[in-house]
Amino acid sequence: MVATLIDVNVLWKLVAYSLAGGIGVTLTFSIAIYGAIRFVDLRRDGHPVFAGAFGALAGVALAAVAAAVVWAVSILAEKS
Amino acid sequence: MGKDLILVIVVATALTFDFTNGFHDTANAVATLISTRALSPRLAVTMSAVLNFVGAFVSIKVATTVGKGIVEAGSASTTIVFAGLIGAIAWNLATWYFGLPSSSSHALIGGVVGAALAAEGAGAVNGSGLVEKVLVPSLVAPVLALVVAAIAIATAYRVVGRMRPGPVGRGFRLGQLITGSMQSFAHGTNDAQKTMGIIVLALIAHGDFTAADFHVPSWVKISAASAIALGTYAGGWRIIRTMGSRIIKMDAAQGFAAQGAGASVLLAAAHFGFPLSTTHVISGGVMGAGAGKRLSAVRWGVAGNIVAAWILTLPAAATGGALIYGLTRIFGTGVTGPLVVSIAAVGVLAVIFGRRLAEGRTLTAEG
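The present account deals with the structure reproduced in this document.

The rules we used
Residues numbered from 1 in each chain as written. Chains lettered and ligands numbered in written order. Predicted model: local features only at pLDDT ≥ 70, side-chain atom pairs only at ≥ 80, totals over all residues. Helix = DSSP H or I, 4+ residues; strand = E, 2+ residues; numbered from the N terminus. Buried ≥ 20, exposed ≤ 12 C-beta atoms within 10 Å, placed from the backbone. Axes fitted to C-alpha atoms, helices over the stretch in contact; angles between N-to-C directions. Parallel < 35°, antiparallel > 145°, perpendicular 65-115°, else oblique. Left-handed = near helix turned anticlockwise from the far one by under 90°. Nonpolar A, V, L, I, M, F, W, Y, C, P; charged D, E, K, R; others polar. Contact = placed C-beta atoms within 7 Å.

Some points on the overall build of chain A
A tally of helices and strands in chain A yields three helices and zero strands. In chain A, the order of α-helices and β-strands from amino to carboxyl end is α-α-α. By the burial criterion, 30% of the 80 residues in chain A qualify as buried.

What follows is the structure, given as structure tokens:
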């Protein structure tokens, strides 16, 4: 019955992409915040090497979020 | 002359609906931003209005769905479209009054379906389109957003839960600017187009072009984008309050998770051509962001009222559309019916909002 009303295959893909996107973006942004705070703390405490590593982690995570935003805008533009 | 006057009335009514759609749905993008103090209320609605306006020009896919996918375009008269719009506006204003975030899309579709049923019978309604594009998505949207947001906030707390709350809150508030902007942009791409679809449906009924030659003229795009942006700027503060603070007491991480989950669900749905209600998705996301922290964090009584409004939206707007259609037909098939009903509707709105202004309150504010 349900299969005649909607494409179940598409529905499963919708669920999978939504879970991956929603959890992925929140996790990645959380990692960026974690990295940024650790960077500030470690630099203040005189551990420049570790601070740099966490700074790089924050940078990579932010870049990933920015890529997700660009991908999102491209999806919206694709609809036209 | 009469046909032209009806078309003018229908277009004005459609743009009025678009305005109510804007202030009804402002909460979807800005409630979490305002609640967590990521932005001031006025700045949040200004940003949302601008992005809604820009987003309206991105696509015409939703306009095509509304214009062709729900009611058989050839069967819809301008009077049916008019009656459907009035039914939808009435339901939007009723749910706004009670601060309930219901779907403006469902109100519009319900109103037009009800008027078409009253006018032409069941044959005028595309039943499979209604189930596929409206009913099934309305079940999927909130549940999916709730689950995604609940897992997302639990994940976020696991990563930053032991860190100092000040910097964490500031970080997530910055992130909310991105997710809130995405929500507003996506809302413009979806909701402004519904009005475009309805105006095109009226133009087809008026004989300006045929259903086979479906397209959206530029003046329709510009006027629909302007109306939804103005409505968004007016701000539906009652619904913003419900969404931002009455369902859950929200921190910045929850605001980010709710909006991030909502944006992901909406974008995935757009990618697969699965039409979802923005309101259902964001409400589900807010509930999920609360439930992911702890189940008792969600005020389930408020959530229940919202779900009841969702269930009622389609039949209530359909009943309104059918009743208005019946009312217009009392005056015959010409322009008199829509003219009388629209004058009466403007009079009722003038009294309601005039009293608010006289009491020194803004048009859409609480209280």
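Observations regarding the packing of helix α1 (residues 2-35) of chain B against helix α7 (residues 165-206) of chain B
Residues and elements named next belong to chain B. Two elements in contact, α1 and α7, have axes separated by 10 Å at closest approach and are oriented at 165°. Taken together, the axes of α1 and α7 are roughly antiparallel relative to one another. Judged by the sense of rotation from one axis to the other, the crossing of α1 with α7 is right-handed. When the residues that make up the contact of α1 with α7 are grouped by side-chain class, the tally is 13 nonpolar, 10 polar and four charged.

Here's the deal with the environment of Ile23(A)
Take Ile23(A): it is sitting in helix α2 (residues 8-44). Judged by C-beta crowding, with 24 C-beta atoms within 10 Å, Ile23(A) ranks as buried. When the C-alpha atoms of Ile23(A) and Ile37(A) are compared, they prove to be 21 Å apart, with 14 residues separating the residues in sequence. The contacts of Ile23(A), once residues within four sequence positions are left out, are Val148(B), Ile151(B), Ala152(B) and Thr155(B).

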